[in-house]
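Residue-level structure breakdown
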Amino acid sequence: MRTVNQHETPLFTGLVRHAERNPIQFHIPGHKKGAGMAPEFRAYIGERALAIDLINIAPLDDLHNPHGIIREAQALAAEAFGADHSFFSVQGTSGAIIAMIMTVCGPGDKILVPRNVHKSVLTGIVLSGALPIFMNPDLDYELGIAHGVSLEAVRHALDQHPDAKGVLVINPTYYGVAADLKGIVELAHSRGVPVLVDEAHGVHLCFHDELPLSAMQAGADMAATSVHKLGGSLTQTSILNVREGFINPGRVQAILSMLTTTSTSYLLLASLDVARKQLATRGRELIDRAVRLAERARREIAEIPGLYCLGPDVVGQSSSRFDLDPTKLCINVKELGVTGVEVEAILREEFNIEVELSDLYNILCIISLGDTAEDVDALVAALGEISRRFYRQRPANVVKVKVPVTPILAMHPRTAFYAETEVVPIREAEGRVIAESIMVYPPGIPILLPGEIVAEENLDYLEECIQAGLPVQGTEDPEIRMVKVVKDAHR
């Protein structure tokens, strides 16, 4: 048996060797190594990048039926992440999440999911025809955010729905808080139910022992992992890690093939291969540097009047606050009397600093392998200036975690999505069955999902989000004045 060597990059190396042969190309892409591309774009990104922008010709293997260099690269990834199988995704983690759901669920099958799921989960539910059973996340009334679901919430849901085909959890959350994932996995497995993990923000976890357990370390069955977010690959690239037992890897491959373009980008695939190598061979060192930078930033931000940065003090408060990824800086600004949305705008317009997201009370900054001490210094200095401008100049904001009663699901999401619909003014939608989704993105948390009955509380919450400047989207009407509802379906 061939010895695994994590220093190898079979996909990237094979791609470069092919490009160095400089073959005459009578195949797509039509830009032919950049020669047929707009010169200003070619000059900016470089001829080498364009030379390896190739497709699935015979020497380069095929993501839909890997047997050569892609198969080798995926096997190395599986070994690095502790999985039985790893599948590369050029459809992002969204595509991998959809594939997870379609692997375990068919029409009418129940799947347990947190209410604060990413919009890709809804897509997977619509495409599979599954019936979502929502679990309430742990609400943080100090920061105004939602954490993950507790072990107790999962147990209650399994007790109520023993016929569920899967449990899907977010771990860690966008804000870096991890639940007792190992406990959730052990509980679900004792009931014969597989666990699927949205691990969009956890690619680095298994490469550093001071971080929360990764999905594979916790024994989960499938994990959709964004390598591009924190692992160093190009945007849009992710990995779907699979453990055998409850899951048939052949079915996973078949479903991924259904969802994936046949013109897969080798530039994107190669970036996954080299990112895996870097994480496997240097991850401990690089992640350690990021952790130390984040810890320094957290200490210095804590000294700025009016600011609080979510830290280790959250750990142990409940099974949904079991551990913390310190590289996420959730900075609460409520004491400044301004919203996180306003702080994000000031950072952008006055300090040339972009953050990951903002909400009514917080901004989120991510420290990764690519950050420097100078970057952190600039952030801390800018936050200090904002504090001097606003602290005690305005009354502090009172956190109002306004969570409307979870809407009644009156119709399967897939049925509502494909039903005959009509468009009505949004305030006239109360009591109607909505046929489209409305969410705040990022992070993609749904306010209303297809098949749910619109309640007044949902409309009030939606209006508050819009007035605060949060990125509300999902409806065909970009201004969200009109919504689609199922025709002749009323409460």
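Please refer to the structure placed before this passage.
Notes on the structure follow. (Residues numbered from 1 in each chain as written. Predicted model: local features only at pLDDT ≥ 70, side-chain atom pairs only at ≥ 80, totals over all residues. Heavy atoms only, no water.)

Here the focus is the overall build of the protein. The helix and strand inventory of the protein stands at 15 helices and 21 strands. Taking 2.2 N^0.38 as the reference for a compact globule, 491 residues should give roughly 23 Å; the C-alpha atoms of the protein span a radius of gyration of 23 Å, in line with that estimate. Projecting the C-alpha coordinates of the protein onto the three principal axes gives extents of approximately 65 × 55 × 50 Å. Burial analysis of the protein (491 residues in total) assigns 56% to the buried set. For the protein, the separation between the mean place of its 44 positive charges and that of its 62 negative charges on side chains is 3 Å. (Helix = DSSP H or I, 4+ residues; strand = E, 2+ residues; numbered from the N terminus. Rg over C-alpha atoms; globule rule 2.2 N^0.38 Å. Buried < 20%, exposed > 50% of the residue type's maximum accessible area, 1.4 Å probe, protein only. Lys, Arg positive; Asp, Glu negative; His and termini not counted. Charge placed at Lys NZ, Arg CZ, Asp CG, Glu CD.)

Scanning the model with the defined rule gives two aromatic pairs in all. Judged by centre distance (5.4 Å) and plane angle (80 degrees), the ring pair of Phe 81 and Phe 207 falls under edge-to-face. Note that Phe 81 is positioned in helix 4 (residues 69–81) and Phe 207 in the loop between strand 8 (195–199) and strand 9 (222–225), a separation of 126 residues in sequence. Across the pair, Phe 207 and Phe 81 agree in class, each one buried. Between Phe 417 and Tyr 418 the ring centres are 5.1 Å apart and the planes differ by 90 degrees, which places this aromatic pair in the edge-to-face class. Take Phe 417: its relative accessible area is 42%, and that puts it in the partly exposed class. (Phe/Tyr/Trp six-rings, centres within 6.5 Å; stacked < 30°, edge-to-face > 60°.)

On to the nonpolar core, then. Judged by nonpolar contacts, the single largest core of 35 residues is most densely connected at Leu 11, Phe 81, Phe 88 and Leu 269. The set of elements that each furnish at least two residues to this core consists of helix 1 (10–21), helix 4, helix 9 (227–230) and helix 11 (266–302). Broken down by element, this core gets its largest block of residues, 10 residues, from helix 11. Ignoring any residue separated from it by four or fewer positions in sequence, one finds Phe 81 in contact with Val 203, Cys 206, Phe 207, Met 216, Ile 239, Asn 241 and Leu 279. (Core = buried A, V, L, I, M, F, W, Y, C linked by side-chain atoms within 4.5 Å. Contact = heavy atoms within 4.5 Å.)

Applying the stated rule across the entire model yields 25 salt bridges. The shortest N-O distance in the salt bridge between Arg 292 and Glu 210 comes to 2.7 Å. With Arg 292 in helix 11 and Glu 210 in the loop between strand 8 and strand 9, this residue pair connects regions lying 82 residues apart in the sequence. Of the residues examined, Arg 292 reaches a relative accessible area of 31% and is grouped as partly exposed. A relative accessible area of 39% means that Glu 210 is categorised as partly exposed. Note that Arg 427 is salt-bridged to Glu 463, the shortest N-O span being 3.0 Å. A residue pair is termed long-range when its members are at least 10 positions apart, and Arg 427 in the loop between strand 16 (421–425) and strand 17 (432–434) and Glu 463 in helix 15 (residues 456–467) qualify at 36 residues. (Salt bridge = Lys/Arg side-chain N within 4 Å of Asp/Glu carboxyl O.)

Here the focus is the sheet that holds strand 1 (residues 85–89). Read across the sheet, seven strands follow the order 1-10-9-8-6-2-3 without closing on themselves; strand pairing throughout is mixed. Each end of this open sheet is capped by a strand with a single partner; those strands are strand 1 and strand 3 (131–135). Strand-to-strand twist in this sheet, taken as the mean axis angle between neighbours without regard to direction, amounts to 20 degrees. Sheet analysis places strand 2 (residues 110–114) next to strand 6 (residues 166–170), joined by two bridges and oriented parallel. Its bridge partner being in strand 6, Ile 111 is matched across the sheet by Gly 166. Of the strands in this sheet, strand 1 and strand 10 (238–242) touch helix 4, which is tilted by about 120 degrees from strand 1. Its contacts with the sheet put helix 5 (residues 92–104) on strand 1, strand 2, strand 6, strand 8, strand 9 and strand 10, and the angle it makes with strand 9 is roughly 165 degrees. (Pairing = 2+ DSSP bridges. Axes fitted to C-alpha atoms, helices over the stretch in contact; angles between N-to-C directions.)

Together, Phe 41, Tyr 44 and Ile 45 give the surface a local cluster of nonpolar side chains, amounting to about 370 Å² of exposed area. Locating Phe 41 in the fold gives a position in helix 2 (residues 39–45). With relative accessibility at 45%, the residue Phe 41 sits in the partly exposed group. (Patch = residues over 30% accessible without salt bridge, like charges linked within 9 Å, V, L, I, M, F, W, Y side chains within 5 Å. Areas by Shrake-Rupley, 256 points an atom, 1.4 Å probe, with all protein chains shown as cover.)

Here the focus is the packing of helix 5 against helix 6 (residues 119–128). Helix-helix packing: each pair is described by the crossing angle between the helix axes and the interaxial distance. Across the interface, helix 5 lies against helix 6 with an axial gap of 8 Å and an inter-helix angle of 40 degrees. When the axis of helix 5 is compared with that of helix 6, the two are oblique. When the axes of helix 5 and helix 6 are compared, the crossing they make is right-handed. Seen from helix 5, the contacting residues are Ser 94, Ile 97, Ile 98, Ile 101 and Met 102; seen from helix 6, they are Ser 120, Val 121, Thr 123, Gly 124, Ile 125, Leu 127 and Ser 128. (Parallel < 35°, antiparallel > 145°, perpendicular 65-115°, else oblique. Left-handed = near helix turned anticlockwise from the far one by under 90°.)

The strand order 19-18-20 describes an open sheet built from three strands, whose pairing is antiparallel. The open sheet terminates on both sides in strands that have one partner only, identified here as strand 19 (445–448) and strand 20 (472–473). Looking at chain direction, strand 18 (residues 438–440) and strand 20 are connected through two bridges and run antiparallel. Residue Met 439 lies in a different strand from strand 20, and its bridge partner there is Gln 473. Against the sheet, helix 15 engages strand 18, strand 19 and strand 20, with an angle of about 130 degrees to strand 19.

Burial within strand 13 (residues 328–332) is extensive, with five of its five residues counted as buried. Side chains Lys 328, Cys 330 and Asn 332 project from strand 13 onto one buried face, and the interleaved Leu 329 and Ile 331 project onto a second face that is buried too. Across two bridges, strand 11 (residues 308–309) lies against strand 13 in antiparallel orientation. Each residue of the ladder has a partner; that of Tyr 308, found in strand 13, is Asn 332. With five bridges joining them, strand 13 and strand 15 (residues 362–366) adopt antiparallel strand pairing. For Ile 331, the partnering residue across the bridge sits in strand 15 and is Ile 363.

These values are about where atoms sit, not about what they do.
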